[in-house]
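The lines below spell out each chain.
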2 protein chains.
Amino acid sequence: MSTVITSVDVHDVRFPTAAAGDGSDAINRGDYSATYVSLRTDGPQTGAGFTFTNGRGNEITCAAVRALAHHVVGRSIEDIFAEPVAFWRSLSADVQLRWLGPEKGVIHMATGAIVNAVWDLRAKLEGKPLWRLLAEMPTEELVRSIDFHHITDALTPAEAAAILDKGLVGIDDRLHELERDGFPSYTTSVGWLGYPDDKVRALTRQAYAEGWRAMKMKVGGPIDDDVRRARIIREEIGPDALLMMDANQVWDVDEAIANMARLAEFDPYWIEEPTHADDVLGHARIQQAVAPIRVATGEVAANRVIFKQLLQAEAIGVMQIDACRVGGVNEVLSEILMAAKFGVPICPHAGGVGLCEYVQHLAIFDYLRVGTSLDGRMVEYVDHLHEHFVDPVRTRDGRYLLPEQPGYSATMKPESIAEYSFPDGPVWRQ
Amino acid sequence: MSTVITSVDVHDVRFPTAAAGDGSDAINRGDYSATYVSLRTDGPQTGAGFTFTNGRGNEITCAAVRALAHHVVGRSIEDIFAEPVAFWRSLSADVQLRWLGPEKGVIHMATGAIVNAVWDLRAKLEGKPLWRLLAEMPTEELVRSIDFHHITDALTPAEAAAILDKGLVGIDDRLHELERDGFPSYTTSVGWLGYPDDKVRALTRQAYAEGWRAMKMKVGGPIDDDVRRARIIREEIGPDALLMMDANQVWDVDEAIANMARLAEFDPYWIEEPTHADDVLGHARIQQAVAPIRVATGEVAANRVIFKQLLQAEAIGVMQIDACRVGGVNEVLSEILMAAKFGVPICPHAGGVGLCEYVQHLAIFDYLRVGTSLDGRMVEYVDHLHEHFVDPVRTRDGRYLLPEQPGYSATMKPESIAEYSFPDGPVWRQ
């Protein structure tokens, strides 16, 4: 029995978050938005996927999804997964659309939305959460799902297979551990640049009381402000909890090195996005200068080729994969495996809208089947907008609980889609 | 007297080139297209700019131009050029749209179209071709037009000023030379992958007879085919003419090194785009392996940060700037100056539709005011679609003649826009 994709619906869904200062950092002030894709089929199931955007321009990624949709309409899930790389390249290497990237920005984010919806559909058809579908998948099929084009100098199919085979050892024990304890996470809800000092202090205190022992603050404003806010947070959390810092790319390379020299007294665990996301060599110089503070990046890393170089150049100590900036599950698999080969822990990027829902699956799969360690692993957590999802993340004592429903947790409630559709939903008509 | 931009018209213009095999290479098979921007003003002048795309998806860059248009409507040219970096960042660092790049792909190409139209408008208002406007501009104003964010580790404003000041020495002699001889170029019209062998031989013979002594062929198909075609071209052009090869990113790093070992017998002058455009470290490894053959890249380099790293890593021997992949004239200025600092010659990317019209201005400015040498400098030339421009390129004996009309040579004929508008123009309605 095959399930055929009959149409691709695209929804421009935007949440008016900018006004509240949530999500404001050194360079972004966003209305958290989703280019939301729903794959209808000839059966009862639908596949859901999205890419996250920051408000204005969400109509552009929606247009890109429409430009790519003909590559999936009329195809069956069985056909797609019979030749997964050919399918993936039909999107990522379209002979005309590729020019718009290649494999970066709008066109690649749209690819990610569609590819993720295809995986969501498959997981639903098999009745498994995506993390379980992946963790239980034969090594041969996982390897066959990855496009190794342009990364064979860092990871070969044989190396990937060896990592995945080794990941089968002890997998049941790791699963029981996660079922019992959940997956470690950290919170980014305390230190947005848009918040005044007293709000930062109050949120930090509250988060600590809730059990969080790892918190992230935004930096990249005037350095004296960054220092003052870092002091507040460190005072509240004490010397043992982890404090991460995130500059959202605002610094030049030498500026990053100088500013981290000032912020080092607050013992940051990592400095995230210290400079331009494309600057592999810059990150490498910064990592060398600020060690033992780790350099972290990835939420704006355009594709597996950027991640490959960050690893090859020893430019990062933490790799922050994103679920929908790159071309969906197939590409993320290659990134997770490269990180394992180079021995760099993955701490996925989340927040925005729906990113926590997505990345929990990736982190769980990584632990169960690839990385096989929780050392230095944490999933970002931001307490925003989960109420709009059918299967929202659940946390307990600062840890993610395992998703149990079939799929990729990407399905949005129909009433939320209607309410927040841009520009015609009730929220935006006002 | 100020000139105010009153509206931004966007046209989706596509030429049906894919069917003929023109422009086919290892990864592209395009209908050459322009996201064409026309800035109307409160005066008689309009500004024209475009970004080049490959057919399908041109509606996405058009949507991106519309999303950015509010940053120019209502502004005067005088205001814009009073604070050029603030203007440029209003487009490239928009707090919501930036997420869609940043500074790459669709959103950045749209930025380039608008920025170029603004420069075209200014040049027209001053009654000068763009190359002359730039070449005669005071050093201080040129430096003030560049956003040095994220490149200060490679080029400081003081270094840029020193290069530009030095470029004033002998500028009149260089101008007289160009007026007399034109600017060197090479042709890419001989060796597209879509052409059969006998067509390659005939086109090569014809180009040689027309005076071309530098020609580029596409490689990246089956290596035996590449070898056979290279032999044909080298037979036709003899040992002294230059033969360039272009793989359009199709190879992995080790594959590029192996294939160039086979193609070396045909004495290639450069290998262009041997691997993924984002792979700075890969290009560096290839350059080290294939020397003295030069590695060339740039037509898909997303922004100045990628070019910066290619130079820092000594990954290229030829830098191929593009006029509208990056954020327009302001960003290209930074790239031209970085190339000069690192001593790498610029050979701009052209072809497609309108790219020759654009880049001739950049190459001429580079020679007059920055690079000050013709050694190793050539502008790509492809004999396609020039008839659609009001001020098309003119060549003589394989050299570009200096543009004389005011502006950036980007203005398309109204009848061409109407004829090739997608999907409603007569060409596409059939």
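This is a predicted model, so every value here is computed, not measured.

**Student:** Pulling in residues and values, what's your account of the overall build of chain A?
**Tutor:** Of the regular secondary structure elements, chain A holds 17 helices and 12 strands. For chain A, the C-alpha radius of gyration of 20 Å lies close to 22 Å, the compact-globule estimate for 430 residues. Summarising its shape, the C-alpha atoms of chain A cover approximately 60 × 55 × 45 Å along the three principal directions. Here chain A holds 430 residues, and the buried ones make up 67% of them. For chain A, contacts bridging at least 24 residues in sequence account for 73% of all contacts bridging at least 6. By element, 51% of the accessible surface of chain A is carried by carbon and sulfur atoms, the whole surface being about 13700 Å². Once the 41 positive and 62 negative side-chain charges of chain A are each reduced to a mean point, those two points are 1 Å apart.

**Student:** Got a sec to walk through the pattern of salt bridges? Specific residues and values, please.
**Tutor:** Pairing is possible between side chains that carry opposite charge, provided their charged atoms lie close to one another. Throughout the structure, instances matching the rule amount to 64 salt bridges over all chains. Between aspartate 254 of chain A and arginine 285 of chain A there is a salt bridge; the shortest N-O distance is 2.6 Å. Here arginine 285 of chain A lies in helix 12 (residues 280-290) and aspartate 254 of chain A lies in helix 11 (residues 253-263), a separation of 31 residues in the sequence. Aspartate 254 of chain A gets classed as partly exposed once you look at its relative accessible area, which sits at 38%. Across the pair lysine 128 of chain B and glutamate 126 of chain B runs a salt bridge whose closest N-O atoms are separated by 3.9 Å. By relative accessible area, which is 21% here, lysine 128 of chain B ends up partly exposed.

**Student:** Just give me the short version of the relation of the copies chain B and chain A, but keep the residues and values in it.
**Tutor:** In screw terms, the move from chain B to chain A is a rotation of 180 degrees and a rise of 0.0 Å along the axis, fitting with an RMSD of 0.0 Å. Such a combination of rotation and displacement between the chain copies is what one expects of a two-fold axis. For chain B, the residue whose C-alpha comes nearest the rotation axis is glycine 105 of chain B, separated from it by 2.6 Å. Residue by residue, 100% of the interface of chain B is reproduced at the interface of chain A, so both copies engage with the same surface.

**Student:** Report on helix 4 (residues 105-126) of chain A, specifying residues and quantitative values.
**Tutor:** Residues and elements named next belong to chain A. Spanning 22 residues, helix 4 covers 32 Å between terminal C-alpha atoms, matching the ideal 32 Å at 1.5 Å per step. Across the 22 residues of helix 4, 20 count as buried, placing the element largely inside the fold. Once helix 4 finishes, glycine 127 follows within two positions and takes phi at roughly 70 degrees, a positive value.

**Student:** Before we move on, can you summarise the pairing of strand 7 (residues 268-272) of chain B with the specific residues and values?
**Tutor:** Residue and element names in this part refer to chain B. The element strand 7 is extensively covered by neighbouring structure, given that 5 of its 5 residues are classed as buried. Pairing of strand 6 (residues 242-246) with strand 7, which is carried by 3 bridges, proceeds in the parallel orientation. Directly across from aspartate 246, in strand 7, lies its bridge partner glutamate 272. With helix 11 (residues 253-263) bridging strand 6 and the parallel strand 7, this β-α-β connection has right-handed handedness. Summarising the sheet, strand 7 and strand 8 (residues 294-297) pair through 3 bridges and their orientation is parallel. Within strand 8, the position partnered with tryptophan 270 by the bridge is arginine 294. Each parallel crossover has a hand, and the one from strand 7 via helix 12 (residues 280-290) to strand 8 is right-handed.

**Student:** Summarise the domain arrangement of chain A; cite the residues concerned and give the values.
**Tutor:** Residues and elements named next belong to chain A. Partitioning chain A into domains gives domain 1 (5-149 + 416-429) and domain 2 (171-415). Each of domain 1 and domain 2 was reduced to a C-alpha centroid, and the two centroids are 22 Å apart. On the side of domain 2, 57 residues touch domain 1, which itself brings 58 residues to the contact. Approximately 4600 Å² of surface area, both sides summed, lies buried where domain 1 meets domain 2, with 62% of it carried by carbon and sulfur atoms. A per-residue breakdown of the area domain 1 buries against domain 2 is headed by Phe50, Trp131 and Ser416, which together make up 16% of the total. For the interface between domain 1 and domain 2, the tally reads 1 salt bridge. Along the contact surface separating domain 1 from domain 2 lie 32 residue pairs in polar contact (both at pLDDT 80 or more). Elements supplying a minimum of two residues to the side of domain 1 that touches domain 2: strand 2 (33-41), strand 3 (47-53), helix 3 (84-92), helix 4, helix 5 (130-135), helix 6 (139-144) and helix 16 (414-420). Top element by residues in the side of domain 1 that touches domain 2 is helix 4. It accounts for 10 residues. Here the residues of the side of domain 1 that touches domain 2 are counted per class, giving 30 nonpolar, 17 polar and 11 charged.

**Student:** How would you explain the UniProt feature "domain: Mandelate racemase/muconate lactonizing enzyme C-terminal" (unreviewed entry) in chain A if you had to name every residue and give the values?
**Tutor:** When the UniProt feature table is mapped onto this chain, "domain: Mandelate racemase/muconate lactonizing enzyme C-terminal" (unreviewed entry) is found at residues 197-293 of chain A. Helix makes up 52% of residues 197-293 of chain A and strand 15%, whereas the separation of the span's terminal C-alpha atoms amounts to 25 Å.

**Student:** Would you mind going over the packing of helix 9 (residues 197-209) of chain B against helix 10 (residues 223-237) of chain B in detail, with residue names and values included?
**Tutor:** In a pair of packed helices, the angle between the axes and the distance between the axes together describe the arrangement. Residues and elements named next belong to chain B. One way to put it is that helix 9 packs onto helix 10 with a least axis distance of 9 Å and a crossing angle of 25 degrees. Between helix 9 and helix 10, the crossing angle belongs to the class labelled roughly parallel. Judged by the twist between their axes, the crossing of helix 9 over helix 10 is right-handed. From helix 9, Asp197, Val200, Arg201, Thr204, Arg205 and Tyr208 reach across to helix 10, where they touch Arg228, Arg229, Ile232, Ile233, Glu235, Glu236 and Ile237. By residue class, the composition of the contact of helix 9 with helix 10 is 5 nonpolar, 1 polar and 7 charged.

**Student:** Any details on the sheet that holds strand 3 of chain A? Residues and values, ideally.
**Tutor:** All names here are of chain A. The strand order 1-2-3 describes an open sheet built from 3 strands, whose pairing is antiparallel. Among the strands making up the open sheet, the edge pair consists of strand 1 (5-14) and strand 3. In this sheet, neighbouring strand axes are inclined to one another by 20 degrees on average, regardless of whether the strands run parallel or antiparallel. Direction of pairing for strand 1 relative to strand 2: antiparallel, over a ladder of 9 bridges.

**Student:** So what's going on with the side chain of threonine 204 of chain A? Residues and values would help.
**Tutor:** Residues and elements named next belong to chain A. With respect to the secondary-structure elements, threonine 204 resides in helix 9 (residues 197-209). Under the relative-accessibility criterion, threonine 204 is labelled buried at 0%. Dropping the residues within four chain positions of it, threonine 204 is found in contact with Val190, Met215, Ile233, Glu236 and Ile237.

**Student:** Mind laying out the side chain of lysine 216 of chain B, listing which residues take part and the relevant values?
**Tutor:** Residues and elements named next belong to chain B. Tracing the chain through its elements places lysine 216 in strand 5 (residues 214-218). At a separation of 3.0 Å, a polar atom in the side chain of lysine 216 contacts the side chain of tyrosine 186. Other than its neighbours up to four places away in sequence, lysine 216 contacts Tyr186, Thr187, Thr188, Val190, Gly191, Met244, Met245, Asp246, Trp270, Glu272, Gln320 and Glu380.

**Student:** Describe the environment of methionine 319 of chain B, listing the residues and the values that go with them.
**Tutor:** All names here are of chain B. Among the structural elements, methionine 319 can be located in strand 9 (residues 318-319). Here the alpha-carbon distance between methionine 319 and alanine 247, two residues 72 residues apart in the chain, equals 16 Å. Aside from chain neighbours lying at most four places away, what touches methionine 319 is Thr297, Phe307, Leu311, Glu335, Ala339, Val344, Pro345, Ile346 and Cys347.

**Student:** I'd like to hear about the interface of chain B and chain A, residue by residue, with values.
**Tutor:** At the interface, 66 residues of chain B touch 66 residues of chain A. For the pairing of chain B and chain A, the buried interface totals around 5300 Å² over both sides, and the portion due to carbon and sulfur atoms is 54%. When residues of chain B are sorted by the area they lose upon contact with chain A, Arg56, Gln96 and Trp99 of chain B head the list and together hold 18% of the total. Scanning the region where chain B abuts chain A turns up 6 salt bridges. Here aspartate 278 of chain B makes a salt bridge to lysine 104 of chain A, at a shortest N to O gap of 2.8 Å. Elements with a contribution of two residues or more to the side of chain B that touches chain A: strand 3 (47-53), helix 1 (58-68), helix 4 (105-125), helix 11, helix 12 and helix 13 (304-312) of chain B. Per element, the largest residue contribution to the side of chain B that touches chain A is 6 residues, and it comes from helix 1 of chain B. Class assignment for the residues of the side of chain B that touches chain A results in 27 nonpolar, 22 polar and 17 charged.

**Student:** Please provide a residue-by-residue account of helix 8 (residues 171-181) of chain A, values included.
**Tutor:** Residues and elements named next belong to chain A. When helix 8 is considered as a whole, its buried residues turn out to be Ile171, Arg174, Leu175 and Leu178. Around the axis of helix 8, the buried residues are gathered within 100 degrees of arc, so they sit on the same side. Opposite its buried face, helix 8 presents the exposed residues Asp172, Asp173 and Arg180, each directed more than 90 degrees away. Where the residues of helix 8 are buried, they touch helix 5, strand 4 (183-191) and helix 15 (355-370). Just downstream of helix 8, glycine 182 is the residue with a positive phi angle, here 80 degrees.

What counts and how
Residues numbered from 1 in each chain as written. Chains lettered and ligands numbered in written order. Predicted model: local features only at pLDDT ≥ 70, side-chain atom pairs only at ≥ 80, totals over all residues. Heavy atoms only, no water. Helix = DSSP H or I, 4+ residues; strand = E, 2+ residues; numbered from the N terminus. Rg over C-alpha atoms; globule rule 2.2 N^0.38 Å. Buried < 20%, exposed > 50% of the residue type's maximum accessible area, 1.4 Å probe, protein only. Contact = heavy atoms within 4.5 Å. Areas by Shrake-Rupley, 256 points an atom, 1.4 Å probe, with all protein chains shown as cover. Lys, Arg positive; Asp, Glu negative; His and termini not counted. Charge placed at Lys NZ, Arg CZ, Asp CG, Glu CD. Salt bridge = Lys/Arg side-chain N within 4 Å of Asp/Glu carboxyl O. Least-squares fit on C-alpha atoms with pLDDT ≥ 70 in both. Expected span 1.5 Å × (residues − 1). Pairing = 2+ DSSP bridges. Right-handed = clockwise from strand over helix to strand, strands pointing away. Domains from an automatic or database assignment. Buried area = accessible area lost by both parts, 1.4 Å probe. Polar contact = N/O pair within 3.5 Å; in protein donor to acceptor, adjacent residues only side chain to side chain. Nonpolar A, V, L, I, M, F, W, Y, C, P; charged D, E, K, R; others polar. UniProt positions renumbered as here; feature names shortened; annotations may be inferred. Axes fitted to C-alpha atoms, helices over the stretch in contact; angles between N-to-C directions. Parallel < 35°, antiparallel > 145°, perpendicular 65-115°, else oblique. Left-handed = near helix turned anticlockwise from the far one by under 90°. Arc of directions from axis to C-beta.

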